[in-house]
Structures are given as structure tokens and as C-alpha cells.
Amino acid sequence: MGSESEIPQHMSFLSRTRERLMRAVLKRGLPSNQSELAKVIEQASQDDIINEETEDMIRGVFDITQRRVADVMIPRSQIRDIDSECTIGEAIKIVIKYGHSRYPVSFEDKDHIQGILMAKDLLPMADQCDKKISDFPNLLRKPVIVPESKHVNRMLKDFQKNRFHMAIVVDEYGGVCGLITIEDIIELIVGEINDEYETEVEGTNITKSGDNTYIVAGCTPVEEFEEYFKTTFPDIDVDTVAGLALHYLGHIPQKDEQVSLNEFTFKVLDTKLHQINTLQVTVAAKEDE
């Protein structure tokens, strides 16, 4: 879930950005509060001391001081974990399918994370494909557990100081609610990072399959769906298209169940562990005026 080789390069870029900012600050005098500092940054950009990209990065640094881990983590429903009872061969297939460099290993459910599996550690095990991950306890790295209330800037410092790249996020009751990586935080500052496994495919979440039909990933943000289809849904407390469908269905659906909203009919194509993975969306044809 992120490229290790790119992180130091971005850290170096941040250091150079900090030096440029210090020159701008010394030129105008020390600001006494964050509002004055923001003005220094804006003026530095106007004076071409820093470029627009650098200005955005500095504002991104401000942003992470205001956010908590819960705001930026990968939510529980999107965690790609591996069951400890999986065989080595099955684990290798999961790594090939998703292409991440680290995977939480769970027992029974995501609330019981036993450790972190490095994809590269599976390579020497390829000749033992029939054995289970649980047969090799030393294969797993100790998981780092952090509260969802932790500030993002402190999380970044911990990543740097302790040299780990992933942490499991828990809520106030101790249940796993997500995970966060150093890449998630760096992307808040420098923009999206594609690692060596990722390929950029436009429209991955929404794919047209017919004249008026589309295949939509359940994890698609509602805002992305609304922007794609130029529509607006009622303001309800959900983040994803799957959450939207669940809200109006009123129960955990079975495959092929449908619900209609505005001009859209949502049909459940695939579910797993009480989650909607994929939907077919049919858009009603507009009547001729």
C-alpha cells in the first residue's frame, strides 16, 4: 500500500520547500500567528520565491496539523486483509490481485489483527504454497495500533521516527475502524503518489456497460457519483454509493435486489461480509420534450 522508494525523495523535496519558506519569512519578518504566516506564504508565491505547487504543499502541511487520523484513514470496509488460515498460495494470489506491499493478517475478523505481512516476505515461501500463514508466526511483523483521535502531524512524526509505514486504527472501544499509511499522509501534502504496482485507469469506479447502464464500485464516493452523472442526491449521512443503497434499501441486501432514487435504479451485483461490493446502475432515459 505504497512505494517505499519514493518517500525519501518527497521528504527531501519538503526540506527544500522549508528552506525557501524560511527565506521568505526572513525577508518579511517573523509572523506572530498562523494567519500572518499564511499571508507570508501567499506573498512569497506572488513574488515568485515559491511556485504554486510549493504553496499548495505548505498549505497541505498546515492542513495535517488540523486533521486527525480518522479523517484520512482507509476505512475498515476497504481494508484488504489476509486471513491467517489462508495458505501461502492463496496469500500470493491476493498480493498479485491487489498489488500492495503490506497486508494486515487477521484471525476470524478485522478486529483481530495478528500482524502485518510484507509481500516480499512471501517470495521465499513460494515452494510451500499448501501450508497456512498461521504455520509461520515469524512471518508477520508486529502491528502498530493507533487511536483514531491521533493528530495526523504526530502520526507522520511517528512514521519517520520509528521507521514503519502502516498503522492499524482503532476506535474508543478498541475495534478496528481503519488503517493509515505514511503514503496517505504524504499525499495530503504532495498530491497522489502512484507506486510501482499501480496503473492509473480513469473511471475505475464507474464503467459504462450499455446505453444506459453502468457498473459502479460500492466504495465510490457519493460526490464522485454526483459529479459523474451531474445529479444531486438528498443530504444523508453516508459517504459511498454502497452506503446510499443500504440507506434506501433499509437492510443488508441480497444479490439482484434493487432500489430506485432520482432517475437511477441501483441493482446489487456482488456482496461480501454484509458489504455491497458492486452495483449495476441504470439511468432512466429522458423523455423527449
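Structural notes, computed from the coordinates.

Reading guide: rules and limits
- Residues numbered from 1 in each chain as written.
- Predicted model: local features only at pLDDT ≥ 70, side-chain atom pairs only at ≥ 80, totals over all residues.
- Heavy atoms only, no water.
- Pairing = 2+ DSSP bridges.
- Helix = DSSP H or I, 4+ residues; strand = E, 2+ residues; numbered from the N terminus.
- Contact = heavy atoms within 4.5 Å.
- Axes fitted to C-alpha atoms, helices over the stretch in contact; angles between N-to-C directions.
- Buried < 20%, exposed > 50% of the residue type's maximum accessible area, 1.4 Å probe, protein only.
- Right-handed = clockwise from strand over helix to strand, strands pointing away.
- Core = buried A, V, L, I, M, F, W, Y, C linked by side-chain atoms within 4.5 Å.
- Salt bridge = Lys/Arg side-chain N within 4 Å of Asp/Glu carboxyl O.

1. Remarks on the sheet that holds strand β1 (residues 74-75)
Strands pair in a sheet through their backbones, by hydrogen bonds, and they do so in one of two ways: parallel or antiparallel.
Okay, so step 1: Strand order in the open sheet formed by four strands is β1-β7-β6-β5, and the pairing between neighbours is mixed. Each edge of the open sheet carries a strand with a single partner, namely β1 and β5 (145-147).
Okay, so step 2: The strands touched by helix α8 (residues 182-190) are β1 and β7 (176-181); relative to β7, the strand with the most contacts, the crossing angle is about 65°.

2. What to know about the pairing of strand β6 (residues 166-170)
Okay, so step 1: Taken across its five residues, β6 has five buried, putting it largely inside the fold.
Okay, so step 2: Side-chain alternation along β6 places Met166, Ile168 and Val170 on one buried face and Ala167 and Val169 on a second face that is also buried.
Okay, so step 3: Bridge analysis of β5 against β6 gives three bridges, and the strand direction is parallel. Bridge pairing in β6 places Val146 opposite Val169.
Okay, so step 4: Handedness of the β5-helix α7 (residues 152-162)-β6 crossover: right-handed.
Okay, so step 5: Bridging between β6 and β7 involves five bridges; their strand directions are antiparallel.

3. Comments concerning the nonpolar core
In a soluble, globular protein the nonpolar side chains are often hidden away together inside.
Okay, so step 1: Counting 21 residues, the largest nonpolar core has Val216, Phe225, Phe229, Phe233, Phe264, Phe266 and Leu279 as the members making the most contacts within it.
Okay, so step 2: Of all the secondary structure elements, the ones that give two or more residues to this core are β9 (213-217), α9 (222-229), α10 (241-249), β10 (258-261), β11 (264-272) and β12 (275-283).
Okay, so step 3: The element that contributes the greatest number of residues to this core is α10, accounting for five residues.
Okay, so step 4: Within the second largest apolar cluster, 18 residues are counted, among which are Ile64, Phe159, Val169 and Ile189.

4. Looking at the pattern of salt bridges
Okay, so step 1: Going through the model one piece at a time under the given rule, you end up with five salt bridges.
Okay, so step 2: A salt bridge links Arg76 to Asp111; the nearest nitrogen and oxygen atoms lie 2.7 Å apart. Remark: Asp111 occurs in strand β4 (residues 109-118) and Arg76 occurs in the loop between β1 and β2 (82-83); sequence separation between them is 35 residues.
Okay, so step 3: Residue Asp121 is joined to Arg141 by a salt bridge in which the shortest nitrogen-to-oxygen separation is 3.0 Å. Of this pair, Asp121 sits in helix α6 (residues 119-122) while Arg141 sits in the loop between α6 and β5; the two residues are 20 residues apart in sequence, bridging distant segments of the chain.
Okay, so step 4: The exposure class of Arg141 is partly exposed, given its relative accessible area of 40%.

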